[in-house]
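Here are the chains, one letter per residue:
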Amino acid sequence: TAALEILLKALGPDHPNVATTYSNIGHVLVSQGKHAEALDKFTTALEIELKALGPDHPDVGKSYANMGSILCLQGKHAE
């Protein structure tokens, strides 16, 4: 999306705001039923957050929860 491209250029790929944008895109994809694509965006958000914020930050927890929701929708309860 245009917003993501602007943020990537302005802030760089490892900025927490970029992670938030990936997460927001993931939520849109979920609403469109595109679960695999959403999981990819949530995973990217998580990777950025872990690097930028550390494993104990609340945003990291939200990303894990987002990923868990998608896995449940896909019937992948063991993951």
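(A) Quick peek at the pattern of salt bridges. Applying the stated rule across the entire model yields 2 salt bridges. With its nearest N and O atoms 3.5 Å apart, the salt bridge here joins aspartate 14 to lysine 51. One end of the pair, aspartate 14, is in the loop between α1 (2–11) and α2 (16–31); the other, lysine 51, is in helix α3 (residues 35–53), with 37 residues separating them in the sequence. Judged by relative accessible area, aspartate 14 falls into the partly exposed class, the value being 38%. Its salt-bridge partner being aspartate 59, residue lysine 62 comes within 4.0 Å of it at the nearest N-O pair. In this pair, lysine 62 and aspartate 59 both sit in helix α4 (residues 58–73), 3 residues apart, roughly one turn of the helix. We classify lysine 62 as exposed; its relative accessible area is 53%.

(B) Region of interest: the side chain of serine 63. Mapped onto the secondary structure, serine 63 falls in helix α4. A distance of 2.5 Å separates a polar atom in the side chain of serine 63 from a polar atom in the side chain of glutamate 49. Every residue in contact with serine 63, bar those within four places of it in the chain, is listed here: Phe42, Ala45, Leu46 and Glu49.

Rules used throughout
- Residues numbered from 1 in each chain as written.
- Predicted model: local features only at pLDDT ≥ 70, side-chain atom pairs only at ≥ 80, totals over all residues.
- Heavy atoms only, no water.
- Salt bridge = Lys/Arg side-chain N within 4 Å of Asp/Glu carboxyl O.
- Helix = DSSP H or I, 4+ residues; strand = E, 2+ residues; numbered from the N terminus.
- Buried < 20%, exposed > 50% of the residue type's maximum accessible area, 1.4 Å probe, protein only.
- Polar contact = N/O pair within 3.5 Å; in protein donor to acceptor, adjacent residues only side chain to side chain.
- Contact = heavy atoms within 4.5 Å.

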